[in-house]
Amino acid sequence: MGPLIHLVRKELLLLRRDWHALLLLFLMPTVFILIMSLALRGLFASHGRVVITYALLDQDRSPASQLLAGHLAGQAEFQRIDLAGDEARLQAAVRADQAQFLVRIPAGFGAALLRPQPQAVELSGAPSVEPTLLKLFDASLREAAARVYLKASLGSLARSMGDPSAADALDLDAVNALVASRSLYMGEQRLPSSVQQNVPAWLIFAMFFIAIPLSNTWVQERSHGTYARMLSLGVPRWKLLLGKLLPYLGVNLAQAACMLAVGVYLVPRLGGDALDLGDAPAALALMVLAVSFAAVSWGLLIANVVRTSEQATIFTGVGNLLLGLLGGVMVPLFVMPGWLQAIGRLTPVAWGLEGFLDVFLRRGGLAQVAPRAALLLAFGVAALGLAHSFFKRRSRG
Amino acid sequence: MIQAHNLSYQYASGGARALDALSLRVPQGSLYGLLGPNGSGKTTFLSLLAGVLPCPQGRLSVDGHDLGRAPAKAQAVSALVPQDLAFYPRLSVQENVDFFAGVMGYAGADARGRVDEALRLAALGHLRGQRAERCSGGLKRRLNIAIGLLNRPRLLLLDEPTVGIDPQSRRFILQSVQEIHAAGTTVVYTSHYMEEVQALCDTIGILDRGRLLAQGALKELLKAPRGGRKPKDLEGLFLELTHRALRD
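Predicted, not measured: the structure shown is a model, and the values here were computed from it.

Conventions and cut-offs
- Residues numbered from 1 in each chain as written.
- Chains lettered and ligands numbered in written order.
- Predicted model: local features only at pLDDT ≥ 70, side-chain atom pairs only at ≥ 80, totals over all residues.
- Heavy atoms only, no water.
- Helix = DSSP H or I, 4+ residues; strand = E, 2+ residues; numbered from the N terminus.
- Buried < 20%, exposed > 50% of the residue type's maximum accessible area, 1.4 Å probe, protein only.
- Areas by Shrake-Rupley, 256 points an atom, 1.4 Å probe, with all protein chains shown as cover.
- Rg over C-alpha atoms; globule rule 2.2 N^0.38 Å.
- Contact = heavy atoms within 4.5 Å.
- Pairing = 2+ DSSP bridges.
- Axes fitted to C-alpha atoms, helices over the stretch in contact; angles between N-to-C directions.
- Salt bridge = Lys/Arg side-chain N within 4 Å of Asp/Glu carboxyl O.
- Patch = residues over 30% accessible without salt bridge, like charges linked within 9 Å, V, L, I, M, F, W, Y side chains within 5 Å.
- Phe/Tyr/Trp six-rings, centres within 6.5 Å; stacked < 30°, edge-to-face > 60°.
- Lys NZ or Arg CZ within 6 Å of the ring centre and 35° of its normal.
- Buried area = accessible area lost by both parts, 1.4 Å probe.
- Nonpolar A, V, L, I, M, F, W, Y, C, P; charged D, E, K, R; others polar.
- Domains from an automatic or database assignment.
- Expected span 1.5 Å × (residues − 1).

## Let's talk about the overall build of chain B
Summing up its helical and strand segments, chain B has 9 helices and 10 strands in all. Along the longest, intermediate and shortest principal axes, the C-alpha atoms of chain B span 60 × 40 × 35 Å. The buried share of chain B, taken over its 248 residues, is 53%. With the model as given, the accessible surface of chain B reaches about 10900 Å², and the carbon-plus-sulfur share is 48%.

Structure, rendered in structure tokens:
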């Protein structure tokens, strides 16, 4: 073990003096986590407790229009914004994102409700509203209009039957009991927040980014002849690999601790939600170790495949971006087409991300994350074995 | 000290053999100058001697230890000072020497004694705290040599130790090599500077295309007529044997 201690100590000393690498490894993912968690907060919030804002222009002021307005007001997720003015002014306000939607009930809506040519309620969405949200609000508005129409139709039918009060016996709210929906996230009625998704994603991305400084220092040491010198001193290749692997594993663990702390403490201070680490610390620790081992071994493999520092930077940089893209860091896997999802699920980044989400979102324990951790560890062992083989070949010219 | 018999080596990347049935003998206590044009096989031979490359064909031994069968024993008595500055620029002079002493397995007072001795021999004692990257070219070469002295080798392999340094530093390094040799260490010295080898070495070997073209004391080498005439100096002999055409 003698040389190994000195190899590890030397590596930590060199890392401490390499501010660029430390900035890349710690500051970059912190900034990513903060920006992505806060920037996508609204988007993720729309998947959790939905708050959709709308302005209402009732030009009809009939019992039917008031009933429609009442149905919208009764939706917990909808928040009416009181804006004064005519239609043009309200449209300008919605265009300026003061509300997400404008609902205009035209004059004559109630009177023409049961006629062949009804007066349609108009819905306008703000420019920033995503198509899915427009569809959601449109469906809710149609449901509210359907209730108004149904009430009016039944009233008309009851009157023609000579019993006007019969329509009142119908409880339209009873349809609410026909469908019950819930999220399986944490067994509660809420969905994961932006921070729950973004912290593990960017943490894994940062952990794999360690391949850049690692492969660069390895290539430099090789080209400076220090490895040849150490081989001449009888230091075996596996110790040289281990001497690089162990300190960088330590750096990865420090990165993980730092990024998780950012999610738990810093993001909420800046207005985001706090990261919930789940309730299986052993499973979380296993995932951090497994991802770290895979990432460092991946870096060592690249370092021993490439010939120059420039190649190392390009291979690791582009390779990590591709892994991040395919593995669901930048774009969640579920929004990709099936064939791309299938490819993405073959990447160690996806195994790591799903493992973290198992702990954070699905409240998984050791048993749940073990298969993904095993895949990552197997990937790390294979990469390390290949790295040793390439190292041996390269040092023999 | 060194026995090479029918030694051949070919790199995995292909090309001609770097060493082609090379046989030579370096006696204990000699200061052996190994000359050859670029790509002649000098560095390959030193790498084989240092155990960095395996010995696939032929036999090679250092101090009686066969490098094919017991490389660790041969490595224990030798030290390679590579042509590259094989240390860490971001570490200080002291940290570099401490690190390599630790990697070699020295600890405590023994390590401190060896580090002090190596730094004294390389005249680097006053620069212990200086980052290696801030040292001049000559200081870097001396640090490279100091690291090679840590295991008090019986065989010191110096691969072009005076490349790219000022005359003062070169003079100091040549004096140091003479002192190390005078203390009983066998030295194999490769260089492209003929006057260095001429002044320093008691035995000279000229290598080209992996084969030994000539070997012996300078006087003997110059005495023997080549192509009907006697070369006037080592450079003349070298060019006579390896021809004047460019190699790179």
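## Section: the overall build of chain A
Across its full length, chain A holds 15 helices and 4 strands. For chain A, the C-alpha radius of gyration of 30 Å lies well beyond 21 Å, the compact-globule estimate for 397 residues. The burial tally for chain A puts 47% of its 397 residues in the buried class. Restricting to contacts in chain A with at least 6 residues of sequence separation, those with at least 24 account for 76%.

## What to know about the pairing of strand 3 (residues 101-105) of chain A
Residues and elements named next belong to chain A. Of all 5 residues in strand 3, 5 are buried, a share of seventy percent or more. Note that strand 1 (residues 52-58) and strand 3 share 5 bridges and pair parallel. In the strand pairing of strand 3, Leu-57 is matched with Arg-104. As paired strands, strand 3 and strand 4 (residues 122-125) are joined by 4 bridges and run antiparallel to one another. Paired with Val-103 across the two strands is Leu-123, which belongs to strand 4.

## What about the sheet that holds strand 4 of chain A?
Residue and element names in this part refer to chain A. With mixed pairing, 4 strands are arranged side by side in an open sheet as 2-1-3-4. Sheet topology places strand 2 (78-80) and strand 4 at the edges, where each strand pairs with a single neighbour. Adjacent strand axes in the sheet meet at a mean angle of 30 degrees, parallel and antiparallel pairs treated alike. Each of strand 1, strand 2 and strand 3 touches helix 4 (residues 63-73); the most contacted strand, strand 1, lies at about 170 degrees to it.

## Some remarks on the pattern of salt bridges
Residue and element names in this part refer to chain A. In the structure shown here, the tally under the stated rule is 25 salt bridges over all chains. Across the pair Lys-10 and Glu-11 runs a salt bridge, and its minimum N-O distance is 2.9 Å. Glu-11 matches Lys-10 in its accessibility class, with the two residues each being buried. Linking Arg-142 and Asp-138 is a salt bridge whose minimum nitrogen-to-oxygen distance equals 2.7 Å. You can see Arg-142 and its partner Asp-138 sitting in helix 6 (residues 131-160), 4 residues apart, about one turn around the helix. Accessibility expressed as a relative area gives 23% for Asp-138, which makes it partly exposed.

## Looking at a nonpolar patch on the surface
Nonpolar side chains collect at one region of the surface, where A:Ile314, A:Val318, A:Leu322, A:Leu325, A:Val331, A:Phe334 and A:Val335 lie side by side and expose about 660 Å² of accessible area between them. With respect to the secondary-structure elements, A:Leu322 resides in helix 12 (residues 309-327).

## Examining the packing of aromatic side chains
Tallied over the entire structure, the rule returns 18 aromatic pairs over all chains. Ring geometry for A:Trp351 against A:Phe379: centres 6.3 Å apart, planes inclined by 80 degrees, an arrangement best described as edge-to-face. Of the two residues, A:Trp351 sits in helix 14 (residues 348-360) while A:Phe379 sits in helix 15 (residues 366-395), which places them 28 residues apart along the sequence. The exposure class of A:Phe379 is partly exposed, given its relative accessible area of 23%. By the ring-pair criterion, three or more aromatic residues cluster together here, those being A:Phe32, A:Trp202, A:Phe205 and A:Phe209. Looking at B:Arg142, its charged tip hangs above the ring of B:Phe172, at a distance of 4.8 Å from the centre.

## So, the interface of chain B and chain A
Each partner contributes to the interface: chain B provides 32 residues, whereas chain A provides 25 residues. Of the roughly 2400 Å² buried at the junction of chain B and chain A (both faces included), carbon and sulfur atoms supply 61%. When the buried area of chain B at its contact with chain A is split by residue, B:Tyr88, B:Arg90 and B:Val103 rank highest and sum to 25% of it. Seen at the junction of chain B and chain A, the total is 2 salt bridges. Between B:Glu95 and A:Arg17 there is a salt bridge, with the nearest N and O atoms lying 2.8 Å from each other.

## A word on the packing of helix 7 (residues 194-209) of chain A against helix 11 (residues 281-305) of chain A
Residue and element names in this part refer to chain A. One can describe the packing of helix 7 onto helix 11 by two numbers: an axis separation of 8 Å at closest approach and a directional angle of 35 degrees. On helix 11, the residues that touch Ile-204, Met-207 and Phe-208 of helix 7 are Val-288, Val-291, Ser-292, Ala-294, Ala-295 and Trp-298. Broken down by class, the residue content of the contact of helix 7 with helix 11 amounts to 8 nonpolar, 1 polar and no charged.

## Thoughts on the domain arrangement of chain A
Segmenting chain A into domains produces domain 1 (2-44 + 191-396) and domain 2 (48-129 + 131-183). On a C-alpha basis, the centroid separation for the pair domain 1 of chain A and domain 2 of chain A is 51 Å.

## Quick notes on the sheet that holds strand 8 (residues 186-190) of chain B
Residues and elements named next belong to chain B. Read from one edge to the other, the open sheet built from 6 strands follows the order 6-7-8-3-9-10, with strand pairing classed as mixed. With one partner strand each, in any of the chains shown, strand 6 (78-81) and strand 10 (211-216) form the two edges of the open sheet. Adjacent strand axes in the sheet meet at a mean angle of 15 degrees, parallel and antiparallel pairs treated alike. Of the strand pairs in this sheet, strand 3 (residues 31-35) and strand 8 are connected by 4 bridges, and their pairing is parallel. Note that in strand 8 the partner of Leu-34 across the bridge is Thr-190. Helix 1 (residues 42-49) rests against strand 3, strand 6, strand 7 (155-159), strand 8 and strand 9 (203-208) of the sheet, and its axis sits at about 150 degrees to strand 7. Against the sheet, helix 9 (residues 234-242) touches strand 3, strand 9 and strand 10, its axis set at about 30 degrees to strand 9.

## A word on helix 5 (residues 137-148) of chain B
Its 12 residues place the ends of helix 5 of chain B 17 Å apart at the C-alpha level, agreeing with the 16 Å of an ideal helix rising 1.5 Å per residue. Turning to helix 5 of chain B, its buried residues are B:Gly138, B:Leu139, B:Arg141, B:Arg142, B:Leu143, B:Asn144, B:Ile145, B:Ala146, B:Ile147 and B:Gly148. Among the structural elements, helix 9 (226-232) of chain A together with strand 6, helix 3 (93-103), helix 4 (108-121), strand 7 and helix 6 (167-182) of chain B are those in contact with the buried residues of helix 5 of chain B.

## What to know about helix 11 of chain A
In this model helix 11 of chain A runs 36 Å from its N-terminal to its C-terminal C-alpha over 25 residues, within 8% of the 36 Å that 1.5 Å per residue would give. Taking burial as the measure, the 25 residues of helix 11 of chain A include 19 buried ones, the bulk of the element.

## Section: the environment of B:Val62
Residue and element names in this part refer to chain B. Among the secondary structure elements, Val-62 is positioned in strand 4 (residues 57-62). Using a relative accessible area of 0% as the deciding quantity, one classes Val-62 as buried. Setting aside its immediate chain neighbours within four residues, Val-62 contacts Met-1, Leu-49, Leu-67, Ala-74, Val-77 and Leu-155.

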